[in-house]
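One-letter residues, chain by chain:
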Amino acid sequence: MSDSYYGRPYLKTPVWKPEIAGYFWIGGLAGASATLALAARLAGNRRLHRSALGAALAGSVISPALLIDDLGRPERFLNMLRVFKPTSPMSVGSWVLAGFGTTAGGAAVSEFTGVLRPLGRLAEVVAAALGPVLATYTGVLVADTAVPVWHESRRHLPLVFAGGAMASAGGLAAMTTPARRAGPARRLALLGAALELVSAADMERHLGELAAPYRDGDAARAARLGRGLTGAGAGVVALAGRRRLGAIVGGSLLLGGALAERIAVYRAGLQSAREAKP
Amino acid sequence: MQNYEWVTDITAPERVGFFTDSSICIGCKACEVACKEWNALPTEGLEFLALSYDNTGALGSDTWRHVAFIEQKRDGGVRWLMNSDVCKHCTRAACLDVCPTGALFRTEFGTVVVQEDVCNGCGYCIAACPFGVIDRRPADGRAFKCTMCYDRLKGGLQPACATACPTTSIQFGPLHEMRDRARRRVEELHASGVDDARLYLADESDGVEGGGSIFLLLDDPHVYGLPDQPEATTHHLGEMWKTAALAAGAIALGVAGAFLGGRR
């Protein structure tokens, strides 16, 4: 009993719901898709441009819904934009998401309806620049807490999330674009999968004993599933991605892998807060 | 001319704080009761925890003072430690730093308070507090914690807990004076042979740059459920953003590479 106060947790367990892992996933997917969309347009690949822009649009609609649902007072969600606070990753992220949603949404609507094309193109450039920030700030968001497993992963989480975002955006675009035009999407998916797997493994190594939640329990199951799905997805995309079925199976596996990895990070944080020693 | 006089009369109050001297705490819980009473905090139910005399458990959304009881076997007898825990009102307050709405703010007294009409229940402060102090009130959705009786301070009164404490275990006043008193008290205890006495959060050398609540403890902080080395997470914020910038760059490079790196 001399170890701590009756073995009771000295930290509060984060009150965030599992939806927050879904937000990290969708936000990353949307963010990397916006960058992919701009690059595809510059490269003259219209099919890929439209697929990726569609994904960015969908993500920019779903993301705020997931976030608002997670608030204790959802009707006050606009208070997020009451101030801009550089010391709060959530404040910075809210502004990034607001800017991204407006520009990605505007760019997609302009592209698909043909309205205000020049403004749409400008919005697309802004969304493409904000996208990678949207995909990675979430790593800062969870690292900037007292939760040991998150805080000690501060040099890794943004990279893990960047990898997952690239794998998801590439995987989804490979599924929704004719294979002939989807080469860059497949390559982005493979690069992302590699970054995700390597940085997640490095994160666990770096965490040492603190990595316990990733080795046993709920978080560990999600982490193993995520890495299995991502590895399998990368394999399928690499070997059979030029075929329709291969792209669909491989892309789905990558999307599932990125989601599972985020669920693992989320669950690891809750467990780490409960088990932390003062 | 009256207006002129009035304007120049504005002076910021001194930073105030608690000095909680656990060596003279008798575990009466008058502080817990006075706090609940004054701040009209809801009950959390009656639960028997079987942790010595502690049936409160921990600080939380509806418990802003918590008396810890520790029974230690020593020299054939029992040493009974008691300490009234409270929000630390950190000099570098992580909850305040991460709050995205500005609901948490630093008052004119140097304390850290939640504005309940602004808080939207995002929960960030709860994950950021290195002491596990602030929490969400489930039925309400917003975050709550000790205000150091902001309303009483405004009216020139001491916080309810310090007023109710019958042994002066909880003292309140200008922070510099609390620090002086704490130093004098720990020297006095050392001189009378209580070598275990030590101060917690009483200067700027720790990871939260000192507390607005300081403590005199008789054992390691973790024995009382307090972190031995508390740290405001925002110390490393620059490092985190640098990593995010690197990661965002990796996405941009990856996308560019995906187009440049192949034929199809």
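Predicted, not measured: the structure shown is a model, and the values here were computed from it.

**Q** Lay out unusual backbone geometry with the relevant residues and their values.
**A** Residues and elements named next belong to chain B. With a phi close to 60°, A50 is a non-glycine residue in the positive phi region. With respect to the helices and strands, A50 occurs in the loop between α2 (30–39) and β2 (65–74). Residue A50 is classed as exposed on the basis of its C-beta count, with 8 C-beta atoms lying within 10 Å. One non-glycine residue, C149, lies in the positive phi region at around 50°. Residue class for C149 comes out buried when judged on the 23 C-beta atoms lying within 10 Å of it.

**Q** Now, about the interface of chain B and chain A: what can you tell me, with residues and values included?
**A** On the chain A side, the residues contacting the 58 residues of chain B number 61 residues. Among the elements of the structure, α3 (94–98), α4 (124–128), β6 (135–136) and α8 (237–260) of chain B are those that each provide at least two residues to the side of chain B that touches chain A. By residue number, the principal contributor to the side of chain B that touches chain A is α8 of chain B, which donates 17 residues. Split into classes, the residues belonging to the side of chain B that touches chain A amount to 33 nonpolar, 18 polar and 7 charged.

**Q** Before we move on, can you summarise the sheet that holds strand β10 (residues 213–217) of chain B with the specific residues and values?
**A** All names here are of chain B. Spatially, the 4 strands line up as an open sheet ordered β8-β1-β10-β9, and their pairing is mixed. Each end of this open sheet is capped by a strand with a single partner; those strands are β8 (170–174) and β9 (198–200). The sheet shows a mean angle of 20° between the axes of neighbouring strands, direction not considered.

**Q** So what's going on with the packing of helix α9 (residues 218–240) of chain A against helix α10 (residues 244–275) of chain A? Which residues, and what values?
**A** Geometrically, a packed helix pair is captured by the angle between its two axes and the distance between the axes. Residue and element names in this part refer to chain A. In the contact formed by α9 and α10, the axes pass within 7 Å of each other and the chain directions differ by 160°. Relative to α10, the element α9 is oriented roughly antiparallel. The handedness of the crossing between α9 and α10 is left-handed. Residues of the contact of α9 with α10, tallied by class, amount to 18 nonpolar, 9 polar and 3 charged.

So, how was this worked out
Residues numbered from 1 in each chain as written. Chains lettered and ligands numbered in written order. Predicted model: local features only at pLDDT ≥ 70, side-chain atom pairs only at ≥ 80, totals over all residues. Helix = DSSP H or I, 4+ residues; strand = E, 2+ residues; numbered from the N terminus. Buried ≥ 20, exposed ≤ 12 C-beta atoms within 10 Å, placed from the backbone. Contact = placed C-beta atoms within 7 Å. Nonpolar A, V, L, I, M, F, W, Y, C, P; charged D, E, K, R; others polar. Pairing = 2+ DSSP bridges. Axes fitted to C-alpha atoms, helices over the stretch in contact; angles between N-to-C directions. Parallel < 35°, antiparallel > 145°, perpendicular 65-115°, else oblique. Left-handed = near helix turned anticlockwise from the far one by under 90°.

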